[in-house]
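# Survey of secondary and tertiary structure
Here is what each chain is made of, one letter per residue.
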Amino acid sequence: MTKSALITGVTGQDGSYLAELLLSKGYKVFGLRRRTSTPIMENVEHIKNEIEFIEGDLLDQGSLISAIRISNADEVYNLAAQSFVGTSWEQSVLTGQVTGIGVTNMLEAVRLTKPEARFYQASSSEMFGKVVETPQKETTPFYPRSPYGVAKVYGHWITVNYRESFDMYACSGILFNHESPRRGVEFVTRKVTDAAARIKLGLEKELRMGNLDAKRDWGFAGDYVKAMHLMLQQEYADDYVISTGEMHTVQELVEIAFNYVDLNWKDYVIVDPKFVRPAEVDLLLGDCTKAKQKLGWEQKVGFQQLVQMMVESDLQKLSKYKV
Ligand code: NAP
Ligand code: G4F
């Protein structure tokens, strides 16, 4: 029988890759989309006729109940969030409402409407924040360092709580940073690859950055959505860290991107305090042994290949504007 899935955040980076994956597996895919004055469809333009869109918002309980009713989803992937850490200091209340309470709104919609549906929550390595052990795994205590991280900790624990209280099949994927050509341009990887391409094409002269010493465990979004799907195909619901197990600095990211377009990054990059955060997460490094052993998940795309893929994509997108 055809399975159906509801994806919140379908227009985002992960939502679009997950929709592609589920469509390729024969799912009927429903996507929760916010009403916007101008549609934001770039990431799903190529599959928009295969997805059934339902208008709704994580802050509007009625629309979530309707979405579960309309989709009759066997699997619900809650990917929607105010997902940019930087903005979470400027819009801390909204971030708490959407990224935190929004998870309870979604869980309640499932519990009241189709409690047997399987539920995936997009938890984050940002919950580890000021890390208390390295590498970080499922049992590592959380120490969030931003309003976003705090909201994600709430979303994580409410998911565990619904699993334990109502016997729902609810999983949290604790995903480390994952990127792609579909990443929003405010995130550091895409900001750098977009700028390297612009500078190469004569469209920009410099790149203003924050903390170049921050270290992250960066993977490819296309690999990571496979883990989300695998988590909902197990006998029991559980939580899993998904990561590459490799850490790189922001400076290494900059070097790879600028080298790819034959430029010396030192000639263009300026450190600007405007992009330094009120509280920084200095390093994140994941240990995904559990996911490898229990889900059989593994990453395919390495860091250098990922950065080069993103620069190449930005060069292609921008080449028509070359001066
Ligand atoms: P993204 O590209 O920023 O996508 C976020 C999605 O959420 C967009 O579709 C956005 O819709 C939607 N959204 C925002 N507010 C909403 C609301 N109030 N109601 C309904 N939809 C709303 O994020 P992503 O990188 O794909 O990440 C997916 C999820 O994984 C997020 O929860 C993120 O926090 C989490 N996560 C991401 C990473 C990572 O490295 N990418 C790592 C760990 C966890 P619009 O298009 O209308 O803005
Ligand atoms: O790319 P970022 O903005 O990602 P961040 O803060 O790690 O959050 C991302 O990953 C989380 C998983 O750990 C997700 F949950 C979250 O939704 C999001 O997808 O910044 C990465 C690092 C930070 O240390 C930041 O301070 O890069 C540093 N950085 C240095 N200069 C910069 C910049 N970040 C941005 N965005 N812009 C800069 O100019």
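It should be noted that the structure appears before, not after, this text.
I will try to describe carefully the structure that is included in this document.

What counts and what doesn't
Counting restarts for each chain, with residues numbered from 1 along the sequence as it is written. Whichever chain is written first becomes A and whichever ligand is written first becomes 1, with later ones labelled in order. In keeping with the predicted nature of the model, local features appear solely for residues at pLDDT of at least 70, side-chain atom pairs appear and are counted solely at 80 or more, and the whole-chain, interface and lining totals rest on all residues. The basis for every side-chain value is the complete set of heavy atoms in the structure, and neither hydrogens nor water enter the calculation. Segments assigned H or I by DSSP are reported as helices when at least four residues long, segments assigned E as strands when at least two residues long, and all are numbered from the N terminus. Any residue with a heavy atom positioned within 4 Å of a molecule or strand is treated as near that molecule or strand. Distance and chemistry together define a polar contact, namely a pair of N or O atoms within 3.5 Å, with one atom able to donate a hydrogen and the other to accept it when in protein, and with adjacent residues in sequence counting only for side-chain atoms on both sides. For the accessible areas, the method is Shrake-Rupley and the probe is 1.4 Å, while residue cover comes only from the protein chains on display. Think of it as three bins: nonpolar holds Ala, Val, Leu, Ile, Met, Phe, Trp, Tyr, Cys and Pro, charged holds Asp, Glu, Lys and Arg, and polar takes everything else, Gly as well. Two strands qualify as a pair provided that DSSP identifies no fewer than 2 bridges between them. Angles run from 0 to 180 degrees between N-to-C directions of axes, and those axes are lines fitted to C-alpha atoms, restricted for helices to the stretch in contact. Contacts: residue pairs with any heavy atoms within 4.5 Å of one another. Only protein chains enter the calculation, and the probe is 1.4 Å; a residue is then buried if its accessible area is under 20% of its type maximum, exposed if over 50%, and partly exposed in between. Roughly parallel covers angles under 35 degrees, roughly antiparallel covers those over 145, roughly perpendicular covers 65 to 115, and oblique covers all other angles. Left-handed is the label given to a crossing in which the near helix is rotated counterclockwise from the far helix by less than a right angle, and right-handed is the label when the rotation is clockwise. Cysteine sulfur pairs qualify as disulfides if the two atoms are within 2.5 Å. In this text, buried Ala, Val, Leu, Ile, Met, Phe, Trp, Tyr and Cys residues form a nonpolar core when linked through side-chain atoms within 4.5 Å. Domain ranges listed in this record stem from an automatic or a database domain assignment. By salt bridge we mean one thing: a side-chain nitrogen of Lys or Arg within 4 Å of a carboxyl oxygen of Asp or Glu.

## Considering unusual backbone geometry
- P135 follows T134 through a cis peptide bond whose omega is 0°.
- Summarising the element assignment, P135 is placed in the loop between β5 (118-124) and α5 (147-166).
- Residues other than glycine seldom take positive phi values, yet N72 does so here, at roughly 50°.
- Secondary-structure assignment places N72 in the loop between α2 (61-71) and β4 (75-78).

## Here's the deal with the site of ligand 1
- In the vicinity of ligand 1 lie 24 residues, with T11, D14, R34, S83 and Y148 positioned nearest.
- For ligand 1, an oxygen atom lies 2.7 Å from a polar atom in the side chain of R34.
- The separation between an oxygen atom of ligand 1 and a polar side-chain atom of S83 is 2.6 Å.
- When ligand 1 is considered free in solution it has 900 Å² of accessible area, and contact with the protein chains removes 89% of it.
- Considering each element in turn, the shell around ligand 1 owes the most residues, three residues, to β5.
- Of the residues contributing to the shell around ligand 1, the split by class is 10 nonpolar, nine polar and five charged.

## Considerations on the sheet that holds strand β2 (residues 28-33)
- Strand order in the open sheet formed by seven strands is β3-β2-β1-β4-β5-β6-β11, and the pairing between neighbours is parallel. If you trace the sheet from one side to the other, it starts and ends with β3 (51-55) and β11 (239-242), each paired once. Pairs of neighbouring strands in the sheet enclose a mean axial angle of 20°, with direction left out of account.
- Sheet analysis places β4 next to β5, joined by four bridges and oriented parallel. Bridge pairing in β5 places Y77 opposite Y120.
- Sheet contacts for α2: β1 (4-8), β2, β3 and β4; angle to β3, the most-contacted strand, approximately 155°.

## Some details on the pairing of β11
- Taking every second residue as pointing to the same face, both faces of β11 are buried, with D239 and V241 on one and Y240 and I242 on the other.
- As judged from the four bridges shared by strand β6 (residues 170-175) and β11, these two strands associate in the parallel manner. By the bridge assignment, S172 is partnered in β11 with D239.

## Notes on the packing of helix α4 (residues 92-113) against α5
- The geometry of α4 relative to α5 is characterised by a closest axis approach of 8 Å and an angle of 15° between their N-to-C directions. Between α4 and α5, the angle is such that the two are roughly parallel. α4 and α5 meet at a crossing whose hand is right-handed. Residues S92, T95, G96, T99, G100, I101, V103, T104, L107, E108 and R111 of α4 form the contact with α5, whose own contacting residues are P147, Y148, A151, K152, Y154, G155, I158, T159, Y162 and F166.
- Across the contact of α4 with α5, the residue classes break down as 10 nonpolar, eight polar and three charged.

## Observations concerning the state of the cysteines
- Applying the stated criterion across every chain, the model contains zero disulfides.
- No disulfide involves C171; its nearest neighbouring cysteine sulfur is the one of C288, lying 16 Å away.

## Section: the site of ligand 2
- In the vicinity of ligand 2 lie 24 residues, with S124, S125, Y148, R277 and E280 positioned nearest.
- Within the backbone of E186, an N or O atom sits 2.9 Å from a nitrogen atom of ligand 2.
- Within the contact set of ligand 2, an oxygen atom lies 2.8 Å away from a backbone nitrogen or oxygen of V188.
- Taken by itself ligand 2 offers 710 Å² of open surface, and the protein chains cover 96% of this.
- Residues belonging to the shell around ligand 2 are distributed by class as follows: 11 nonpolar, six polar and seven charged.

## What to know about the nonpolar core
- One finds Y77 and F258 to be the most contacted residues of the largest nonpolar core, which totals 75 residues.
- For this core, the leading source of residues is helix α10 (residues 303-318), giving seven residues.
- Each of two domains, domain 1 (4-178 + 218-242) and domain 2 (184-216 + 246-282 + 300-321), supplies a minimum of three residues to this core.
- Counting residues in hydrophobic clusters, the runner-up holds 24 residues, among them L64, A109, V110 and F119.

## Comments concerning the pattern of salt bridges
- With the rule as written, the count across this model stands at 16 salt bridges.
- Notably, a salt bridge pairs R198 with D194, separated by 2.9 Å at the nearest N-O pair. On the criterion of helical spacing, the pair formed by R198 and D194 is a turn pair, its members being four residues apart in helix α6 (residues 188-200).
- Taking the relative accessible area as the measure of exposure, R198 reaches 26% and is therefore partly exposed.
- Where salt bridges share partners, they join E126, R216 and E280 into one cluster.

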